[in-house]
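Structure assessment
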Amino acid sequence: MHTRSPDALATPHLGGRWAVILFICTLFAFVIESQLTQYVQTNLGYRQPFFIFYLVHSSFAIIFPLHLLYLRATTNHSTVSLLNGLAIAITNHLTQDQKTPGVKFPRAKFLRLILFLTLGITVPALLWFLSVSLASVSDVTAIWNTNAFFAYLITVKLFNLEWEYRRLLAVLLATLGTVAVVYGGSTASPEKEPTAGNLAGISLKPTAPLLGNLLTLVASFAYGLYQVLYKIYAALPSDPEVASHRTYEQIPDDDETVNTIDGNVNVDLEDAVYPPPFGLHPNLLTSLMGLCTTFVLWIPIPFLHWTGAEVFRLPPNATAVLTIFGIAFTGVIFNAGFMILLGVWGPIIVSVGNLLTIVLVLISDIIFGAGMEVITFWSFVGSGVIVIAFAVLAYETFTKRQ
């Protein structure tokens, strides 16, 4: 078995090159996905939130095969050895009694994990897709990102932790910054008619802004809960955040125990890359969630059509098809990167870091939308507070790990 040290794995840490690059990519991907989603549903008139959600989340299935191809092209590891290492890691993580010989791969437990992960990400994502068609993209982005507050609140309450004043300060600052952006008049005047070149969609008339904002708030809470539960039950104990912060430790881990993937004997494997390369395990989960979406969540589509809740129709033109492809592509980047960073940094710093998308959306509004008139005093102050909050949290997390 090919067992590598953490240094050999080059596992990113806070400030590590690959983690930072991945974080930047997820930020831009989320902003582009938000803008394109509103563009296709408003400017192009293709308002099919569930069907777009289905296509985007089904596309998650490609990320794991692409990661395997990348590893095959850049390393000497075989596909079998990579899969064997994943099987070992998953077995050790999900099996309570790791010291009993003959422990089998927990197929039923792993399947339940995938189903619950799919459900956990489906509910807030569906609400988000629906909200983007009802309210302005700036408001939806801002309220969605209050999941930073909910993630921290759930973490503290779930584990009966004491409040850490610097983390609490960062989360509160981020929440206040979000409120300033939402209620400080950050969106442009809604009276303007939409234009084909307005990717931001910021000059459109929101059809039901109050309902859209309320749905986004529910989605934000659900997503904060999903992040915390993902860290507890899905992320491997070898992930840096779990290894350095035992808050999220839920299942006993014994790095010395190695199980075979066929479940016959508890011996070392000669052909296994263990621990798995960085990002391979969360990308496996992401792909399986995509497959689960593909095979299960098509079922509501005919019922939505028959009831009239969402009458099914294909994209009307090539522009809509290309836009949906762009939504799917950026959605894959964001969700795959987000799942990886949850294991590396944890839900609190990742959710606060994602608040930086508010700043990027504001910038995109200036470039593609209403121009400089989109900026108000409160949107400027709120964006600055969000940046400061992320800096405070990043500094607190970094110094804690030294």
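Residues numbered from 1 in each chain as written. Predicted model: local features only at pLDDT ≥ 70, side-chain atom pairs only at ≥ 80, totals over all residues. Heavy atoms only, no water.

Taking an unreviewed UniProt entry as the reference, the protein chain is identified by name as EamA domain-containing protein belonging to Psilocybe cubensis.

Scanning the protein chain for helices and strands turns up 17 helices and two strands. In the protein chain, which comprises 402 residues, the proportion classed as buried is 55%. Within the protein chain, residue pairs in contact and separated by at least 24 positions form 83% of the contacts whose partners lie at least 6 positions apart. With an accessible surface of roughly 17,600 Å², the protein chain has 70% of that area assigned to carbon and sulfur atoms. (Helix = DSSP H or I, 4+ residues; strand = E, 2+ residues; numbered from the N terminus. Buried < 20%, exposed > 50% of the residue type's maximum accessible area, 1.4 Å probe, protein only. Contact = heavy atoms within 4.5 Å. Areas by Shrake-Rupley, 256 points an atom, 1.4 Å probe, with all protein chains shown as cover.)

On to the environment of Leu-82. Relative to the helices and strands, Leu-82 resides in helix H5 (residues 79-94). With 193 residues separating them along the chain, Leu-82 and Pro-275 place their C-alpha atoms 9.4 Å apart. Not counting residues within four places of it along the chain, the set of residues in contact with Leu-82 comprises Leu-68, Leu-71, His-77, Val-273, Pro-277 and Leu-280.

For the rest of this paragraph, the subject is a nonpolar patch on the surface. A cluster of nonpolar side chains, namely Leu-291, Phe-295, Val-296, Trp-298, Ile-299, Phe-303 and Trp-306, defines an oily patch on the protein surface of about 790 Å² accessible area. Contributing elements (two or more residues each) for the nonpolar patch: helix H12 (280-296) and helix H13 (300-307). Per-element accounting of the nonpolar patch gives the leading share, three residues, to H12. Positionally, Trp-306 belongs in helix H13. (Patch = residues over 30% accessible without salt bridge, like charges linked within 9 Å, V, L, I, M, F, W, Y side chains within 5 Å. Salt bridge = Lys/Arg side-chain N within 4 Å of Asp/Glu carboxyl O.)

What follows concerns the packing of aromatic side chains. Going through the model one piece at a time under the given rule, you end up with ten aromatic pairs. Between Phe-105 and Phe-110 the ring centres are 5.8 Å apart and the planes differ by 70°, which places this aromatic pair in the edge-to-face class. Each member of the pair, Phe-105 as well as Phe-110, carries the same accessibility label: buried. When the centroid spacing of 6.3 Å and the interplanar angle of 40° are considered together, the rings of Tyr-226 and Tyr-230 count as tilted. Residue Tyr-226 and its partner Tyr-230 are located together in helix H10 (residues 209-233), separated by four residues, close to a single helical turn. A residue is classified by how much of its surface remains accessible, and Tyr-230, at 2% relative accessible area, is buried. Ring pairs connect the aromatic residues Phe-30, Tyr-223, Tyr-226, Tyr-230, Phe-334 and Phe-338, which therefore count as one cluster. (Phe/Tyr/Trp six-rings, centres within 6.5 Å; stacked < 30°, edge-to-face > 60°.)

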